[in-house]
Structures are given as C-alpha cells and as structure tokens.
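An overview of the molecular structure
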Amino acid sequence: NMTYVKYIERTRDYYLSQGYDQSYQWAQLDDVPFTTLKKPLAQSRITLISTGEIAIRFDPDSGDDPMEKTQVGNIYSIPSAIDPDRLYSHSYAYDRFATNLDDLNSFFPVTRLHEAVAAGRLGSMAARLHSGHYTYSQRKTLERDAPEVLKRCREDGVDVAVLVPI
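Predicted model only: the values in this text are computed from it and were never measured.

What follows deals with the pairing of strand S6 (residues 128–132). With 4 of 5 residues buried, S6 lies mostly within the body of the structure. As defined by bridge partners, strand S1 (residues 45–50) adjoins S6 across 2 bridges and the pair is classed as parallel. Across the sheet, the residue bridging to Ser-50 is Ser-131, located in S6.

With that settled, consider helix H3 (residues 110–118). Inspection of H3 places Val-110, Leu-113 and Ala-116 among the buried residues, and these make up the whole buried set. The buried side chains of H3 occupy one side of the element, clustering within an arc of 120° when seen end-on. Those residues of H3 hidden inside the fold are in contact with S1, strand S4 (87–89), helix H2 (104–107), strand S5 (124–125) and S6. Two residues or fewer past H3, Gly-120 is found with a positive phi of approximately 85°.

Per the stated rule, a full pass over the model turns up 2 aromatic pairs. Geometrically, the ring pair formed by Tyr-14 and Tyr-15 is edge-to-face, given 6.1 Å between the ring centres and 80° between the ring planes. Plain terms: the ring middles of Tyr-15 and Tyr-20 are 5.0 Å apart, the flat faces sit at 40° to each other, and that makes the pair tilted. Taken together, the ring pairs connect Tyr-14, Tyr-15 and Tyr-20 into an aromatic cluster.

Attention now moves to the pattern of salt bridges. On inspection of all chains with the given rule, the structure shows 9 salt bridges. A salt bridge links Glu-155 to Arg-128; the nearest nitrogen and oxygen atoms lie 2.8 Å apart. Pair noted here: Glu-155 is in helix H4 (residues 138–155) and Arg-128 is in strand S6, with a separation of 27 residues, a long-range link. Given the relative accessible area of 48%, Glu-155 is considered partly exposed. Across the pair Glu-143 and Arg-139 runs a salt bridge whose closest N-O atoms are separated by 3.6 Å. Separated by 4 residues within a single helix, Glu-143 and Arg-139 lie in helix H4, roughly one turn from each other. For Glu-143, a relative accessible area of 58% translates into the label exposed.

What counts and what doesn't
- Residues numbered from 1 in each chain as written.
- Predicted model: local features only at pLDDT ≥ 70, side-chain atom pairs only at ≥ 80, totals over all residues.
- Heavy atoms only, no water.
- Buried < 20%, exposed > 50% of the residue type's maximum accessible area, 1.4 Å probe, protein only.
- Helix = DSSP H or I, 4+ residues; strand = E, 2+ residues; numbered from the N terminus.
- Pairing = 2+ DSSP bridges.
- Arc of directions from axis to C-beta.
- Contact = heavy atoms within 4.5 Å.
- Phe/Tyr/Trp six-rings, centres within 6.5 Å; stacked < 30°, edge-to-face > 60°.
- Salt bridge = Lys/Arg side-chain N within 4 Å of Asp/Glu carboxyl O.

Encoded structure:
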C-alpha cells in the first residue's frame, strides 16, 4: 500500500491554522521555460540546483564561510569538486514529521551525478552547484534569484540543470 505526503493539502491547512485569510498561493506559470537538449547527455555539462539550503561544514573559528562569498540575494554556489561529506542541509522548510534530510543524495544528488560522469552517461560537472535560502516570495524568486542562477549557469557553460526542490 503506497503512502505519500500530501504537501499541498498540508501547506494549505497549515496556513489556515496560522490565521491567514487564505491558504498559500502556489506559483503557476502558463509558459514553462523548457528547452529540449541540444546535445546528448553524455556530451553535456551539468549542474545541480537545490532549494534544500545546502551548507558546507567549515571551521567556524576560521571565520571563513565559503558560501557567504558567493551569495547574491538568496542564491549561493558550492564547488562541485567538494567532498560530499562536508555538505549538509540546515533547512527547516520541509515536513520534518514525514521525512528527514539524513541522506544528502536524496535531495542533493551530487555523488550520483559524479558517478554518472565517471560512467560516461554525463559529459562533465559544472564548476559550481547552486542552492538558496528558501523564500516564499514568488516575486523575489522570479525577479532576483532565478536570473542569478541562470547567470551563473551561463558563466559555467551549463547545458543541463537538475532542479531538486525540498
């Protein structure tokens, strides 16, 4: 028997339980910016984009947070060559009663993508992977954060982006 989390229903109920006059308004795009591949995946450069608030474990005594240096708006970048054991999520914007973020590759599959590159199924990894601090503002996402991610993807010569929302 298949069980699943009813995120949309739960989010609507949550907003109403918090005293809002109406439930959360989900983004709706009439024109989806989908583009067919221009070359096979085995020849493509790929990046990863997550809303999972990926963080890098670093020595706080050094005062050198590697993500702060790359942050514009809610978006920041992570080197794709980083040891995945240094990555984690400090996000609280998910249903903590229905799931967890213990398995990095379930919401930021960097190891799986590196394996696909090594096996020849993907051409190469972009130099940077991207994440963002979660925001409920559709306007900020459309006007500031999404264009910043697109700019970085273009700078890195990305052919394919895998978006993994939390």
